[in-house]
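Structure at a glance
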Amino acid sequence: MTTVSDTGHSAEENEQIRHIKRAYWTQEGIAEEYQYFAYKPEPITRLKNVVEIGFVGRHAVGPRVLDAGAGTCRFTLPLRQSGLDAVALDISAEMLRGGIDGAARRGQVVPGLVGDIERLPFNDATFDSVVSITVLRHFPQWPLIFEEYVRVLRPGGRLIFDMASNDQREFMVTHGFTENPDAPVFDPVSFDTGLSMDGLKKLSREHGLSIVTTTPNDFFNENRLLDALLGDVKEAFDKWLMELLAKPEAIEYCDLLALRFMPALSNAVASSWLIVLEKKPSSNPYEPAYRRARDTILTGSPEQNVNAILETCLGIRYNSCMRIAQAGLESPDARALFDFLRAELLPRFPLEACTWESGR
Ligand SMILES: C[S@@+](CC[C@H](N)C(=O)[O-])C[C@H]1O[C@@H](n2cnc3c(N)ncnc32)[C@H](O)[C@@H]1O
């Protein structure tokens, strides 16, 4: 039987992945290496931090927040700065030390705890929110860790995490962008498990959770669909994009698109997604907005078609989102970025990816 936790690997391989990952994160010097990549001032990293930290900050409820697999406190510190009582937990003392020392240099105290996400050292219902970004997806036994997160959440509390997108993987196989590998290569270091919208709904139902929101993430970063679409021009595209994103107004405009429009689109448009669940079953089952647009008739230019999809997805929110997006374009840097994306990206982008869902 296939379950949401199936990794396609044997139990022994799963165990190997788990140990190799743990050994990796506890190496000496790992915190400096991670901090270099996680905080370097180049545009994609800045954009990633703006979008992800913004998302977590908007959705976490407090006061008590657990940052599980906190690493160098990329989320713990901003959560504390926003007034929440966030605690960092990580298996690696080295990673935590990097984060706590970094916070101290900014005059902030961050409480950190060495601990295992598979056996959280907390009573049931201790936290108002559990945040765990770039963690669960790297573990074959992630459903067990997920249960631990749910256990320590109070009723009404929130779980905020990310996953690779199985909807994108299926879209790419179905549309011939990638081969379906019969025998996946066993690579414990780069192991990255995925979840589809269907899988998320099943998981939420099984644990008495409701889906608050989901949004595709990392659109410009390691997006396999984008890489496949751009092919030979990928390098030049990235170079132009980085030049445009070097301006703060362009980053802000991307953040605005990520905030207003991305949650209306299917997870097939990006390789990963951000998810917020609440420990409270909803009486209205979650219906992702993109489903409404599946029958939209596309007969115009790429721009008219994408507007038709967004209008159907967003419904009554469309006009206010468009007004905000339009106001953002008053900055010439945001306008230059928008014109570039309209000219270089939109004509290549398969619009059916905006409404795709695995197993539909
Ligand atoms: C990719 S980093 C993510 C760090 C942070 N959440 C962020 O997004 O910047 C993954 C983190 O998970 C931690 N980790 C791995 N296995 C763990 C375990 N069993 N219990 C707690 N933390 C673990 C690692 O030490 C590492 O700091």
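Quick note: structure is the one above.
Just so it is clear, the structure is predicted and the values come from calculations on it, not from any experiment. (Residues numbered from 1 in each chain as written. Predicted model: local features only at pLDDT ≥ 70, side-chain atom pairs only at ≥ 80, totals over all residues. Heavy atoms only, no water.)

Here is a general trend for soluble globular proteins: nonpolar side chains tend to be buried in one another's company. Counting residues in hydrophobic clusters, the biggest one holds 82 residues, and the most contacted among them are F146, Y149, F220 and F349. Once you skip the residues sitting within four places of it in the chain, F220 turns out to touch I44, L47, L226, F237, L241, C254, L341 and L345. If you look at the next biggest cluster of nonpolar residues, it comprises 13 residues, including F55, V65, L79 and L274. (Core = buried A, V, L, I, M, F, W, Y, C linked by side-chain atoms within 4.5 Å. Buried < 20%, exposed > 50% of the residue type's maximum accessible area, 1.4 Å probe, protein only. Contact = heavy atoms within 4.5 Å.)

What follows covers the site of the ligand. Around the ligand lies a shell of 18 residues, among which Y34, G69, R74, D90 and I133 are the nearest. For the ligand, a nitrogen atom lies 2.8 Å from a polar atom in the backbone of G69. At a separation of 2.8 Å, a nitrogen atom of the ligand approaches a polar backbone atom of I133. For the ligand, the accessible surface in isolation is 600 Å², of which the surrounding protein chains cover 98%. The class makeup of the residues in the shell around the ligand is 9 nonpolar, 5 polar and 4 charged. (Near = heavy atom within 4 Å. Polar contact = N/O pair within 3.5 Å; in protein donor to acceptor, adjacent residues only side chain to side chain. Areas by Shrake-Rupley, 256 points an atom, 1.4 Å probe, with all protein chains shown as cover. Nonpolar A, V, L, I, M, F, W, Y, C, P; charged D, E, K, R; others polar.)

Quick look at helix α12 (residues 302-314) now. Taking 1.5 Å as the rise per residue, α12 with 13 residues should run 18 Å; its terminal C-alpha atoms sit 18 Å apart, in good agreement. The inward-facing, buried residues of α12 contact α11 (248-260) and α13 (318-328). Once α12 finishes, G315 follows within two positions and takes phi at roughly 60°, a positive value. (Helix = DSSP H or I, 4+ residues; strand = E, 2+ residues; numbered from the N terminus. Expected span 1.5 Å × (residues − 1).)

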